[in-house]
Amino acid sequence: MNMQEQIAAVEAELGAAVAPTPDAVEAFRIGMLGKNGKVTALLDAFKNVPPEEKRLWGQRLNQLKQAARSRWEELKAAAEAGPASADDAVDATRPVLTAHAGSLHPISIVRQRIINVFGHIGFTVSQGPEVEDDRHNFGALNFPPEHPARDMQDTFFVQGHGPSGAGDMALRTHTSSVQVRVMEAGQPPIRTISPGRVYRNEAISARAHCMFHQVEGLYVDKGVGFAELKGTLDYFTRSMFGPEVAIRMRPSYFPFTEPSAEVDMSCTICGGKGCTVCKHSGWVEIMGCGMVDPAVLANCGIDPGVYSGFAFGMGVERIAQLLYRVPDLRLYWENDVRFLEQFTDGAFRG
Ligand code: DAH
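Residues numbered from 1 in each chain as written. Predicted model: local features only at pLDDT ≥ 70, side-chain atom pairs only at ≥ 80, totals over all residues. Heavy atoms only, no water.

Enquirer: Provide a residue-level description of the side chain of threonine 40, including the pertinent values.
Expert: Structurally, the position occupied by threonine 40 is in helix α3 (residues 38-45). Those residues in contact with threonine 40, other than ones at most four positions away along the chain, are Met32, Leu33, Gly34 and Lys35. (Helix = DSSP H or I, 4+ residues; strand = E, 2+ residues; numbered from the N terminus. Contact = heavy atoms within 4.5 Å.)

Pasting the structure below:
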């Protein structure tokens, strides 16, 4: 090894040295700076350096000696301070900068809770397109072409997208269209819910929007009756809103169910005593439902002589409004962070 290599080797050794106890520090000192130490040996070798190189190596060796001394002092100070404890390694009192992680949108939270509640009793999730043809949104669901119930749905038509040009396609007005797709795709037993966006040409206000979310439910099997429908919806509302809520059903009309009903839930805001949300009735409307009309089963290739079923449809914004007491539908889509960050999984944070 030439002088340069020897100096580099000793420097590396200085850097890597560990000496946790005073004895080890003393051994380090002797090994480097003692009478027979490595640094001392190099300093001794200086006398053999040719005169023209003396300036260069004199400087380098001085630096090495300084480095050995300061390393020794460092090790000595550390050994005297005693072994490092766990408390020194982690300062648990030090403030941290928390990154803002954002939060789920309230509609996403409620949609997922609905899926979970029905998932517990064996309902799968199915989906269909938002741009839908007339048959799936209306025809197969028993809305004949001139049926007045079509007008109630304020449909947005999509120009020029159907098989025969303009007017054939529309933004779906309800997720009942997915019922048709599921029944066309397979035979019972069918137990599924279909969450998704729906569109209606309505003026935007505190109580209406042109885009909102629904969850459709469909259960078709042998011997399914109205009692199963009521039991399922009772289970759903208790799981969602708490064991104390009650439901009631009122006769209603939908083209695709017979009989049909509107479902009310005892008002969670006032506990049934009467408030502005329930318009002092003690009840709030939460969904529509009924027994799938035999004609709809037949339209979708299911034998109504063998099978029967029930269906229901609810608005996700409505369920979220009752859970979180949101007074104005527009708040959901204005993307004001002060509104959005108040929601955590399942509960109002305040
Ligand atoms: N499709 C209806 C609507 O958008 C909701 C609905 C009512 C769905 C009754 C159903 C049902 O499946 O049985 O207003």
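From this point on, the discussion continues.
Enquirer: Tell me about empty space enclosed by the protein, and please be specific about residues and values.
Expert: Following the criterion strictly, the structure yields one cavity of 30 Å³ or more and no others. Volume-wise, the largest cavity comes out at about 30 Å³. (1 Å grid on protein atoms, 1.4 Å probe; cavity = no way out; pocket = protein on both sides within 12 Å on 5 of 7 lines; lining within 4 Å. Points joined across faces, edges and corners; volume = space filled by probe spheres on them.)

Enquirer: Requested: an account of the side chain of glutamine 214, with residues and values cited.
Expert: Its location among the elements puts glutamine 214 in strand β6 (residues 211-221). We classify glutamine 214 as buried; its relative accessible area is 11%. Among the polar contacts listed, one links the side chain of glutamine 214 to the backbone nitrogen of threonine 175, at a separation of 2.9 Å. Setting aside residues no more than four positions away along its own chain, glutamine 214 makes contact with His174, Thr175, Ser194, Pro195, Gly196, Val198, Arg200, Met314, Gly315 and Val316. (Buried < 20%, exposed > 50% of the residue type's maximum accessible area, 1.4 Å probe, protein only. Polar contact = N/O pair within 3.5 Å; in protein donor to acceptor, adjacent residues only side chain to side chain.)

Enquirer: Which residues make up helix α2 (residues 22-33), and what values go with them?
Expert: Under the 1.5 Å per step criterion, the end-to-end length of α2 is 16 Å for 12 residues, consistent within 8% with the ideal 16 Å. Of the residues making up α2, those classed as buried are Val25, Phe28 and Met32. Buried residues of α2, viewed axially, fall in a sector of 55°; they line one side. Those residues of α2 that are buried lie in contact with α1 (3-16), α3 and α4 (54-81). (Expected span 1.5 Å × (residues − 1). Arc of directions from axis to C-beta.)

Enquirer: Describe the pattern of salt bridges, listing the residues and the values that go with them.
Expert: Counted by the stated rule, this structure contains 14 salt bridges. We note a salt bridge from arginine 181 to aspartate 133, for which the minimum N-O separation is 3.9 Å. With a gap of 48 residues between them, arginine 181 in helix α8 (residues 176-185) and aspartate 133 in strand β2 (residues 131-133) connect regions that are remote in the sequence. The salt bridge involving arginine 330 is made with aspartate 328; its shortest N-O contact spans 2.9 Å. (Salt bridge = Lys/Arg side-chain N within 4 Å of Asp/Glu carboxyl O.)

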